[in-house]
Amino acid sequence: MTCGSVDDGKSTLIGRLLFDTKTILADTLTQISNTSKKRGMEAVDLSLLTDGLQAEREQGITIDVAYRYFSTGTRKYIIADAPGHEQYTRNMVTAASTANLAIILIDARRGVLTQTRRHSYLAHLVGIQHIVVAVNKMDLMNYDQAVYDKICADYLVFAKEIGLAQARDIRFIPMSALNGDMLVDRLENMPWYTGETLLEMLEDAPAADEEQNAEFRFPVQFVCRPHASADADLHDFRGFMGRIESGDIAVGDAVTVLPNGYQSKVKAIQIGDAQLKSAQTEQSVTILLEDEIDTSRGDMIVKTGSKIEPVKQIEAFVCWLSETPMSPARTYVIRHTTRESKAKIASIAYKVDVNTLEQQPATELKMNDIARINFKLAQPLMVDSYTQNRAIGAFIVIDESTNNTVGAGMIV
Amino acid sequence: MLNKKQKNHNPLSHLDWLEAEAIHILREVAGQCSNPVLLFSGGKDSLCILRLAEKAFRPGRFPFPLMHIDTGHNYQEVIDFRDQRAAELGERLIVRNVEDSMKRGTVVLKTSDEPRNKHQSVTLLEAIEEFGFDCCIGGARRDEEKARAKERIMSFRDEFGQWDPKNQRPELWSLYNARSHKGENIRAFPISNWTEMDVWQYIERENLQLPSIYFAHNRDIIMRGGAMMPANVKLADGEVINQPKAGEIVTNMQVRFRTVGDITCTAPVLSDADNVSKIVLETATTTITERGATRLDDQTSDASMEQRKKEGYF
Ligand SMILES: Nc1nc2c(ncn2[C@@H]2O[C@H](COP(=O)(O)OP(=O)(O)OP(=O)(O)O)[C@@H](O)[C@H]2O)c(=O)[nH]1
Ligand SMILES: [Mg+2]
């Protein structure tokens, strides 16, 4: 995904990347060049490739995430173009939550800004493994290496303070998204930079693998009981359907179903009518157990002996996404895996000031605030810490009066 | 206990990953919504979704009926195929007709030959109300169009069926929020992240049957509005549409359709790809987007899809 402050050139960068990798087809190019002309621009405005909404084009800004797809022959990419405006931070968080790599853009003329910090902090918080810091618009600074070096040094100081530099793989690159320097082609303007181009960095970054070593977690999404079927063999069929959020499982493994703690063994694993001996993270499968166990949506199947227990209190970092502030007096709904619970705020430990990283006391949360909060739950949840297991450590907060998603939570 | 050092994983292939994601989304709809429906047109995207639904729910029945909003201007082959596929699956198919909305007076055409695609929204909203559906599963993909590129996987619509692109629900991780109040609606798009290429590769891998018009065939064509239009198409009721106007020349050409939709606004492309693997090759080398040359309804203005979606279109 791309992120960073307003007008740093995120959308232009994606447009350029698509253009230089020949992903843009002729008719799309004609369309955007017509639109550019209509808007009185001399050159084709490549940001129009992702800024697809009327309101975005009128204002020349990104409002919501656009998803674009390209492949290089070796790899297929899903790129998300996030908005830089503070007002639309929640859309940046949407894009960040599923990203493996973030390109954080910095305008070479302006250096590290508040929004650069906020996005870096959020990227760190949601656990994006690979960070590419792209110092853009180098053409406007005479492609001066000193400018680049200074910005990189500034950024590193901040990245160390928030723990980003220690925990993640960070790379730096100078570029001009408008000209195409260092995206796909190196061009001649920055001979002093000998590192990889952006595309080379993307091609080299390992794909999502961080959860590969986590323990087996299988939240049940749906229970298949075709008892009314004419087929007598299916009379006792009871399949637990879901996606393996982490770890792997094989036929014969001993499992426990939470929160009740019933134990059994895996009798079969299926995808459609294909029978599997084993299955792994991210596969959507149907699991059959040896014993008849009362299990429904919201339960979680784990391997017997795994260290996970139902809890009725959780502590988490929450990013508030709604214009309506979070009120400690209200009850919210927490959706965690396939399970929901009513939740009350037991206490707000502190709020984080993204600029100073200071911890401040808080009694409510406004949009874009990040705070550490204790929740009391009506129903037990089976949780891991977010840093150990993203899928089992994440939740969303829902406001029942509007059904809106108002918060993003990461369990400590 | 699992040995934490153990590493015996092969990452899923891209198609397997997309498939697993789509199945997950379908099951979330089934788990969260009380009365969902699967929009099924007989087209390639919805045929992929049917296969995904089989993988998601068999040996059980689908936890939703299928529904087609028929403009009355669809190819007979596609309609026959639609009915045949629903029958093979043994699933319930609901058909609602734009022509009935016209009779009711809720759809008013400006001219009798105006494309009816955008009027599907009215009939769809009427059907949603008639059956009380709280979620419609659709085959839209983000790579199809720039407004679609912006849409969530679970996309909220208010009681007028409107999409508010400037104020979408945040959608985090794969924790989908398909909640709605009575009268409101969710549109769920399980193959949001698929490209046209992914769809064709999936069709090839799964050996899916498709209506014949997707493959190269000979057809009478006229040029209209800069696009190739199929000429003299006979509908089920005997009516012949897209008749050449004065000055329009009919030429027989070898073509195929990249998307199926209302006959009056869906154009074919020149092609000799008569099987799926040839289509995969053609898709890899094409210089024109799927809807670019083929959907006249997208070309009326720069933002026509966004406009239609705001009004309740899928
Ligand atoms: N000179 C120069 N201009 C650039 C470069 N990259 C982007 N721009 C210009 O900067 C302006 C903003 O670019 P966008 O790509 O829309 O910026 P953005 O970061 O996507 O903005 P938001 O999404 O609204 O936060 C446009 O006028 C671009 O043409 C660059 O490398 N050099
Ligand atoms: Mg932008």
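Here's a quick rundown of the structure. None of the values given here were measured: they were computed from a predicted structure.

**Considering the overall build of chain B**
Logical step 1: Looking only at helices and strands, chain B has eight helices and 12 strands in total.
Logical step 2: In terms of overall dimensions, chain B is globule-like: its C-alpha atoms have a radius of gyration of 20 Å, near the 20 Å expected for 314 residues.
Logical step 3: Referenced to the eigenvectors of the C-alpha coordinate spread, the extents of chain B come out at roughly 75 × 45 × 40 Å.
Logical step 4: Looking at chain B as a whole, 60% of its 314 residues are labelled buried.
Logical step 5: In chain B, once contacts between residues fewer than 6 apart in sequence are set aside, the share between residues at least 24 apart is 73%.
Logical step 6: For chain B, the computed accessible surface area is about 12,200 Å², with 50% contributed by carbon and sulfur atoms.
Logical step 7: Between the centroid of the 43 positive side chains of chain B and the centroid of its 47 negative side chains there is a distance of 4 Å.

**Description of the sheet that holds strand β6 (residues 185-188) of chain B**
All names here are of chain B.
Logical step 1: Taken together, six strands build an open sheet; the order of strands is β3-β2-β1-β4-β6-β5 and the sheet is mixed. In the strand order of this sheet, the two ends are held by β3 (93-97) and β5 (154-157), each with one partner. Ignoring strand direction, the axes of neighbouring strands in this sheet form an average angle of 30°.
Logical step 2: Sheet topology places strand β1 (residues 36-39) next to strand β2 (residues 66-70); two bridges connect them, and they run parallel. The partner of L38 across the bridge, within β2, is L66.

**Some words on the interface of chain B and chain A**
Logical step 1: On the side of chain A, 82 residues touch chain B, which itself brings 68 residues to the contact.
Logical step 2: The contact between chain B and chain A buries some 6,300 Å² in all, and 53% of this surface belongs to carbon and sulfur atoms.
Logical step 3: It is B:K150, B:W173 and B:R179 in chain B that bury the most area against chain A; as a group they hold 14% of the surface buried on that side.
Logical step 4: Where chain B meets chain A, there are six salt bridges.
Logical step 5: Note that A:E56 is salt-bridged to B:K150, the shortest N-O span being 2.8 Å.
Logical step 6: Our count for the chain B to chain A interface comes out at 33 residue pairs in polar contact (both at pLDDT 80 or more).
Logical step 7: When residues of the side of chain B that touches chain A are traced back to their parent elements, those giving at least two are α1 (14-32), α2 (44-57), α6 (196-206) and α8 (304-310) of chain B.
Logical step 8: The leading source of residues in the side of chain B that touches chain A is α1(B), at 11 residues.
Logical step 9: Each residue belonging to the side of chain B that touches chain A can be placed in one class, and the counts come to 24 nonpolar, 24 polar and 20 charged.

**Points about the packing of α2(B) against α6(B)**
Residues and elements named next belong to chain B.
Logical step 1: One way to put it is that α2 packs onto α6 with a least axis distance of 10 Å and a crossing angle of 55°. The orientation of α2 with respect to α6, classified from their angle, is oblique. Along this stretch, α2 crosses α6, giving a crossing that reads as left-handed. Residues K44, D45, C48, R51, L52 and K55 of α2 form the contact with α6, whose own contacting residues are E196, V199, W200, Y202, I203, R205 and E206.
Logical step 2: Within the contact of α2 with α6, the residues separate by chemical class into six nonpolar, no polar and seven charged.

**Observations regarding the coordination of the magnesium ion (ligand 2)**
Logical step 1: All of the protein donors around the magnesium ion (ligand 2) are A:S11 (OG) and A:T62 (OG1); their distances to the metal are 2.0 Å. In this pair, A:S11 sits in helix α1 (residues 10-20) while A:T62 sits in the loop between α3 (54-59) and β2 (66-71), placing the two residues 51 residues apart along the sequence.

**Comments concerning helix α3 (residues 76-89) of chain B**
Residues and elements named next belong to chain B.
Logical step 1: In a regular helix each residue adds 1.5 Å, so 14 residues correspond to 20 Å; α3 covers 20 Å between its end C-alpha atoms and thus fits that length.
Logical step 2: For α3, the complete set of buried residues consists of V78, I79, F81, R82, R85, A86 and L89. Buried residues in α3, looked at end-on, bunch into an arc of 160°, giving them a common side.
Logical step 3: Turning to α3, the residues buried within the fold contact α2, β2 and β3.
Logical step 4: Downstream of α3 by one or two residues, G90 has phi in the positive range, about 70°.

**Overview of the pattern of salt bridges**
Logical step 1: Inspection of every chain in the model, using the stated rule, returns 54 salt bridges over all chains.
Logical step 2: One salt bridge in this structure joins A:R238 and A:E292, with 3.5 Å as the shortest N-O distance. With A:R238 in the loop between β7 (217-224) and β8 (239-243) and A:E292 in the loop between β14 (284-289) and β15 (300-303), this pair connects stretches of sequence that are 54 residues apart.
Logical step 3: For A:E292, a relative accessible area of 60% corresponds to the exposed category.
Logical step 4: In this structure, a network of salt bridges that share partners links the residues B:D16, B:E19, B:R51, B:E54, B:K55, B:R85, B:E88, B:R205 and B:E206.

**Considering the sheet that holds strand β12 (residues 269-270) of chain B**
All names here are of chain B.
Logical step 1: Pairing in this open sheet of four strands is antiparallel, and the strands run β8-β7-β11-β12 from one edge to the other. The open sheet has two free edges, formed respectively by β8 (227-230) and β12, since each of these has just one partner strand.
Logical step 2: Pairing analysis gives four bridges linking strand β7 (residues 217-224) to β8, with the strands arranged antiparallel. Among the inter-strand pairings, M223 is bridged to a residue of β8, identified as M228.

**Structural notes on the site of ligand 1**
Residue and element names in this part refer to chain A.
Logical step 1: In the vicinity of ligand 1 lie 20 residues, with K10, S11, T12, T62 and D139 positioned nearest.
Logical step 2: Take N136: an N or O atom from its side chain is 3.0 Å from an oxygen atom of ligand 1.
Logical step 3: Taken by itself ligand 1 offers 650 Å² of open surface, and the protein chains cover 85% of this.
Logical step 4: Top element by residues in the shell around ligand 1 is α1. It accounts for three residues.
Logical step 5: Here the residues of the shell around ligand 1 sort into five nonpolar, 10 polar and five charged.

Cut-offs and rules
- Residues numbered from 1 in each chain as written.
- Chains lettered and ligands numbered in written order.
- Predicted model: local features only at pLDDT ≥ 70, side-chain atom pairs only at ≥ 80, totals over all residues.
- Heavy atoms only, no water.
- Helix = DSSP H or I, 4+ residues; strand = E, 2+ residues; numbered from the N terminus.
- Rg over C-alpha atoms; globule rule 2.2 N^0.38 Å.
- Buried < 20%, exposed > 50% of the residue type's maximum accessible area, 1.4 Å probe, protein only.
- Contact = heavy atoms within 4.5 Å.
- Areas by Shrake-Rupley, 256 points an atom, 1.4 Å probe, with all protein chains shown as cover.
- Lys, Arg positive; Asp, Glu negative; His and termini not counted.
- Charge placed at Lys NZ, Arg CZ, Asp CG, Glu CD.
- Pairing = 2+ DSSP bridges.
- Axes fitted to C-alpha atoms, helices over the stretch in contact; angles between N-to-C directions.
- Buried area = accessible area lost by both parts, 1.4 Å probe.
- Salt bridge = Lys/Arg side-chain N within 4 Å of Asp/Glu carboxyl O.
- Polar contact = N/O pair within 3.5 Å; in protein donor to acceptor, adjacent residues only side chain to side chain.
- Nonpolar A, V, L, I, M, F, W, Y, C, P; charged D, E, K, R; others polar.
- Parallel < 35°, antiparallel > 145°, perpendicular 65-115°, else oblique.
- Left-handed = near helix turned anticlockwise from the far one by under 90°.
- Donors = N, O, S within 2.8 Å, 3.2 Å for Na, K, Ca; no water.
- Expected span 1.5 Å × (residues − 1).
- Arc of directions from axis to C-beta.
- Near = heavy atom within 4 Å.

Bear in mind that shape data such as this cannot, by itself, settle questions of function.
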